[in-house]
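Residue-level structure breakdown
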Amino acid sequence: MEINKNFTENAKNDFHLVVKAREGNQKAYADLMHRYKDSIYFMVLKMVNNKEDANDLTVETFAKAFEKLEKYQPEYAFSTWLFRVATNNCIDFIRKKKLSTQSIHGMLDEEGDEKPLQIKSDVLNPEESSIKKQQTQELKLLIESLPIRYRNLITLRYFDELSYEEIAQQLDLPLGTVKAQLFRARYLLGNIINRHNKDDI
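Analysis parameters
Residues numbered from 1 in each chain as written. Predicted model: local features only at pLDDT ≥ 70, side-chain atom pairs only at ≥ 80, totals over all residues. Heavy atoms only, no water. UniProt positions renumbered as here; feature names shortened; annotations may be inferred. Patch = residues over 30% accessible without salt bridge, like charges linked within 9 Å, V, L, I, M, F, W, Y side chains within 5 Å. Areas by Shrake-Rupley, 256 points an atom, 1.4 Å probe, with all protein chains shown as cover. Salt bridge = Lys/Arg side-chain N within 4 Å of Asp/Glu carboxyl O. Helix = DSSP H or I, 4+ residues; strand = E, 2+ residues; numbered from the N terminus. Buried < 20%, exposed > 50% of the residue type's maximum accessible area, 1.4 Å probe, protein only. Expected span 1.5 Å × (residues − 1). Arc of directions from axis to C-beta. Contact = heavy atoms within 4.5 Å.

Looking at an unreviewed UniProt entry, one finds the chain named RNA polymerase sigma factor, with Mucilaginibacter lutimaris as its source organism. Recorded under Sequence similarities (unreviewed entry), the UniProt text for the chain is reproduced unchanged: "Belongs to the sigma-70 factor family. ECF subfamily."

The following block contains the structure:
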């Protein structure tokens, strides 16, 4: 892959970090996120005019960008490409007025607020109960394909039904980190479920 000769030093450094990230270097991911997190946040904040949404969309922007990193072509600076991902993500959010891509098996309601997975029920007939059990088993199998830290978070939150605070205490993580990583975990799981559903069609 040939780098653009007109790149600034910053753009060249970004490109080298992208190459390392593609090879699985976690520090390279962290460096890229650290470098652009604030500027992405403030750009998003101007578009959505809500700090909580801006925080969520910033995390989601990096999640989407890192997931699509193989598609990045160095004819443009990484920062240009990243801001385009952020802008498109905001436009989608504004259009939908809810994070429908995060809604997996009832994890979020129509307003985009989190609600528990409706796995347990005492009023199901035997056939419904069997279907529900199968769906739960399928969901657990899909969760197994997540990286272990996200798998643990999903399990603690939705199967053990712990609060954010309890998870933070149990894993000895800052509350903000737990929320951000759960957001990322739901996004990844949503993509896995969408791919799984398409394969079933």
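Moving on from the model shown.
What follows deals with a nonpolar patch on the surface. On the surface, M47, I91 and I94 cluster together into a nonpolar patch covering about 210 Å² of accessible area. Within the secondary structure, M47 is located in helix α2 (residues 26–48). With a relative accessible area of 31%, M47 lands in the partly exposed category.

Turning our eyes to something else, we now look at the pattern of salt bridges. As enumerated under the stated definition, the model contains four salt bridges in all. The salt bridge partner of D31 is K27, with a shortest N-O separation of 3.0 Å. Within this pair, D31 and its partner K27 are both found in helix α2, separated by four residues, close to a single helical turn. Take D31: its relative accessible area is 28%, and that puts it in the partly exposed class. A salt bridge links E60 to K64; its shortest N-O distance comes to 3.3 Å. Here K64 and E60 lie together in helix α3 (residues 51–67), a separation of four residues that amounts to about one turn. When its relative accessible area of 3% is taken as the criterion, E60 is described as buried.

Turning to helix α1 (residues 9–22), a few remarks are in order. Two residues of an α-helix separated by three or four positions point the same way, owing to the 3.6 residues in each turn. Taking 1.5 Å of rise per residue, the 14 residues of α1 would be expected to cover 20 Å, and the 20 Å separating its terminal C-alpha atoms lies within 8% of that figure. Among the residues making up α1, those that are buried are A11, D14, F15, L17, V18 and A21. Summarising the axial view, the buried residues of α1 lie within an arc of 165°, below the 170-degree limit, and thus occupy one face. Those residues of α1 hidden inside the fold are in contact with α2 and α4 (78–96). Of the residues trailing α1, G24 is marked for its positive phi of about 95°.

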